[in-house]
Amino acid sequence: MEEKKKTDSVETAGIPSSSAAAAAEENPLLSELVVRAVGVKKLYELGGETVHALRGVDLSVKRGEYVSIMGPSGSGKSTLFNMIGGLDKPDEGQVFIDEVDIAALDTFELAWLRCHKIGYIFQTFNLIPVASALENVMMPMLFAGMTQADAQDKAAEILKRVGLGQRLLNKPSQLSGGQQQRVACARALANDPAIILADEPTGNLDLKTGEEIIHMLEELKSEFFVTVISATHDHKMLAASDRVVYLTDGSITDIKRREDLDITFGTIGGQTH
Amino acid sequence: MAKYEYQSGKTIHGIQRRRRQLPIHHTLHIAWQNIRVRLGRSLLVTSGIILALAFLTYIRGSDILARNVVTQGPPVLGERIEELEAQRQAFLAADPQIASKLKAKNADEDHPPKTAEENQFEALQKKMRRTQQIRAGLESEGLTGLDDKDARIQTRWMLSLAMLVSFVGILNAMLLSVTERYAEIGTMKCLGALDSLIVELFLIESFFQGVLGTTAGIVIGLALTLIEGQARYGSVVWTLIPYGGFLSTILICFTAGIVLTIGGALYPGYRAAKMRPVEAMRAEV
Ligand SMILES: Nc1ncnc2c1ncn2[C@@H]1O[C@H](COP(=O)(O)OP(=O)(O)OP(=O)(O)O)[C@@H](O)[C@H]1O
Ligand SMILES: [Mg+2]
């Protein structure tokens, strides 16, 4: 508890997220900290050489926050992302999602966590190529045990929300990059997750499309009450962040809040921000 | 849009452990869709199975057919020769000179036109000669021809080779169809798919492909066997089809095809399902 308080006050104080606070108050099982990484280390052996991908990362993310992880290529963003998302195991340290240590979960619980708690968005979209946009978004719902009819309605509704109401039956190959990423966003939201993890969601998109996606993620964040953790190495993609965590060579070197960010909020999607 | 209730009660404590993640018809649907949408790819994989099974069926089928024809052929052919001889005698009774007239016309360089009877008579004689040749061949070859040491070793060699080709071909095809989808498997795991679901998906898919490929392969193999039999022994093969032997060939080849196909998909599928999502998504084919 002491440790939690400390990280709380050091890293997440002063971030407005009243809805999340209310949710946490209503349900004592849910803490305000949705993600907590403690001393996470990850090593890779590459041809007899040891690569320190993460050198002991501590990070806490508050419910409803939009955190960007910023760093040059090879700094360990994806590695951290994979640890937080339960896609890979740290060599040392722990990751807590809703105060549950994910190292303690068995495969069934891990699958449940990925299905219900976390929505993933990848740089390469990673849609299922043989399935339509609708079926892609329905898939995690079906995994969660929803009926076909319910899943169909809900998936269509989310797709409409991300602006793809007319493309429900298109296969990913029939959609543009930006549209595919919108489908991926919709799919990430399928089971009302607590966290959306986005690893360079704009990496394969042009600037304008990328900004649209970021802007949409920011909107979805408050609409769906999710926490967004997004990795990027592009300064222009930081506009929506409540907090930016700078990662260099596997260590956190700086954390900046929105108000301290040294970026100009330009026009996004034609609107002045 | 309607806001979805924030699921405040959703915690990992006390989750319900379902053995089946998706109802079977969903899994069947996804598997079928995978095959249908990747038709070109699945046809390539399936054609590997078809070729292997056609080869296996042909090698075994033609051996069984040859045995049947050799043992039961001579008496059947003898009857046929007698029939033909009776027809020939009928022609000779109608026109005793027909044989010599035909001979003269065939020898004439001007190719004088033949009558309908003469043409029929000529065809009859040819058929008889060929039937006699086949019978003589079968009698001299006999089972000893099939059963002598060299021939038996050769057949066994061919069968083992056919088995090996089928093994390698099918395993390779299945391995390919799993490895090329590592990224997709990783993605599905990220969406919360259980390992068992992924294994199940590959099982069903390979079962579809196995049944399809094996059936087609057996049909092609048997057709080849019969076509070759017709070419070697003439139309008599159609009365000498070893139904029992063919049935056992079909059963053996079908079982082998299905077991190999499913086995070939099960191992790489299981390995892929057990991978951590990052490993699967990063894996290069
Ligand atoms: N599977 C792996 N095997 C060996 N080394 C790895 C592996 N994955 C990552 N690394 C190493 O770990 C370090 C961090 O990689 P990571 O992918 O996390 O960087 P990143 O910040 O996401 O970079 P980028 O912006 O290019 O995506 C790099 O030095 C990389 O070479
Ligand atoms: Mg990366």
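Just above, that's the structure.
It should be emphasised that the depicted structure is a prediction, and the values quoted were computed from it without experimental measurement.

Caption draft 1: A look at the pattern of salt bridges. Taken as a whole and assessed by the stated rule, the structure comprises 25 salt bridges over all chains. Notably, a salt bridge pairs K41(A) with E92(A), separated by 3.6 Å at the nearest N-O pair. With K41(A) in strand β1 (residues 33-46) and E92(A) in strand β4 (residues 92-97), this residue pair connects regions lying 51 residues apart in the sequence. E223(A) is paired through a salt bridge with R161(A); the nearest N and O atoms lie 2.8 Å apart. Here the residue E223(A) occupies a position in helix α8 (residues 207-224), and R161(A) occupies one in helix α6 (residues 148-161), the gap between them amounting to 62 residues. With relative accessibility at 21%, the residue E223(A) sits in the partly exposed group. Judged by its relative accessible area of 19%, R161(A) is buried. Three or more residues joined by partner-sharing salt bridges are found here, namely K42(A), D88(A), R276(B) and E279(B).

Caption draft 2: Highlighting the packing of helix α5 (residues 149-179) of chain B against helix α8 (residues 243-274) of chain B. All names here are of chain B. Taken N-terminus to C-terminus, the directions of α5 and α8 make an angle of 35°; their axes are 8 Å apart at the nearest point. Note that α5 runs across α8; the crossing there is right-handed. Here α5 contributes S166, F167, I170, L171, M174, L175 and V178 to the contact with α8, which in turn contributes G257, L260, T261, G264, A265, P268, G269 and A272. Residue composition of the contact of α5 with α8, grouped by class: 10 nonpolar, five polar and no charged.

Caption draft 3: Structural detail: a nonpolar patch on the surface. A surface patch of nonpolar side chains, amounting to about 450 Å² of accessible area, comprises M163(B), L164(B), F167(B), V168(B) and L171(B). Its place among the elements puts V168(B) in helix α5.

Caption draft 4: Examining the packing of helix α5 (residues 133-143) of chain A against α6(A) more closely. All names here are of chain A. The contact between α5 and α6 brings their axes to 8 Å, and the two run at 125°. On the basis of their axis angle, the class for α5 and α6 is oblique. Relative to α6, the crossing made by α5 is right-handed. Here A133, L134, V137, M138, M141 and L142 of α5 lie close against α6, whose contacting residues are Q148, A151, Q152, K154, A155, A156, I158 and L159. Split into classes, the residues belonging to the contact of α5 with α6 amount to 11 nonpolar, two polar and one charged.

Caption draft 5: Region of the structure containing the sheet that holds strand β10 (residues 251-257) of chain A. Residues and elements named next belong to chain A. Strand order in the open sheet made by the six strands is β6-β7-β8-β3-β9-β10, with mixed pairing throughout. The open sheet terminates on both sides in strands that have one partner only, identified here as β6 (118-121) and β10. The average angle at which neighbouring strand axes cross in this sheet is 15°, direction not considered. Of the pairings in the sheet, the one linking strand β3 (residues 66-70) to strand β8 (residues 227-232) comprises five bridges and is parallel in character. Paired with S68 across the bridge in β8 is S230. Along the sheet, helix α3 (residues 77-84) contacts β3, β6, β7 (195-199), β8 and β9 (243-248); its crossing angle with β7, the most-contacted strand, is approximately 155°.

Caption draft 6: View of the site of ligand 1. Near ligand 1 there are 15 residues, and of these S73(A), K77(A), S78(A), T79(A) and R282(B) occur at the shortest range. More than a single chain frames ligand 1: its nearby residues are located in chains A and B. Between ligand 1 and S75(A), the relevant distance is 3.2 Å, taken from an oxygen atom to a main-chain nitrogen or oxygen of the residue. K77(A) is positioned such that a nitrogen or oxygen atom in its side chain is 2.8 Å from an oxygen atom of ligand 1. Burial of ligand 1 by the protein chains amounts to 72% of its free accessible area of 630 Å². Elements with a minimum of two residues in the shell around ligand 1: β1, β2 (49-62) and α3 of chain A. For the shell around ligand 1, the leading source of residues is α3(A), giving three residues. The class makeup of the residues in the shell around ligand 1 is five nonpolar, seven polar and three charged.

Calculation criteria
- Residues numbered from 1 in each chain as written.
- Chains lettered and ligands numbered in written order.
- Predicted model: local features only at pLDDT ≥ 70, side-chain atom pairs only at ≥ 80, totals over all residues.
- Heavy atoms only, no water.
- Salt bridge = Lys/Arg side-chain N within 4 Å of Asp/Glu carboxyl O.
- Helix = DSSP H or I, 4+ residues; strand = E, 2+ residues; numbered from the N terminus.
- Buried < 20%, exposed > 50% of the residue type's maximum accessible area, 1.4 Å probe, protein only.
- Axes fitted to C-alpha atoms, helices over the stretch in contact; angles between N-to-C directions.
- Left-handed = near helix turned anticlockwise from the far one by under 90°.
- Contact = heavy atoms within 4.5 Å.
- Nonpolar A, V, L, I, M, F, W, Y, C, P; charged D, E, K, R; others polar.
- Patch = residues over 30% accessible without salt bridge, like charges linked within 9 Å, V, L, I, M, F, W, Y side chains within 5 Å.
- Areas by Shrake-Rupley, 256 points an atom, 1.4 Å probe, with all protein chains shown as cover.
- Parallel < 35°, antiparallel > 145°, perpendicular 65-115°, else oblique.
- Pairing = 2+ DSSP bridges.
- Near = heavy atom within 4 Å.
- Polar contact = N/O pair within 3.5 Å; in protein donor to acceptor, adjacent residues only side chain to side chain.

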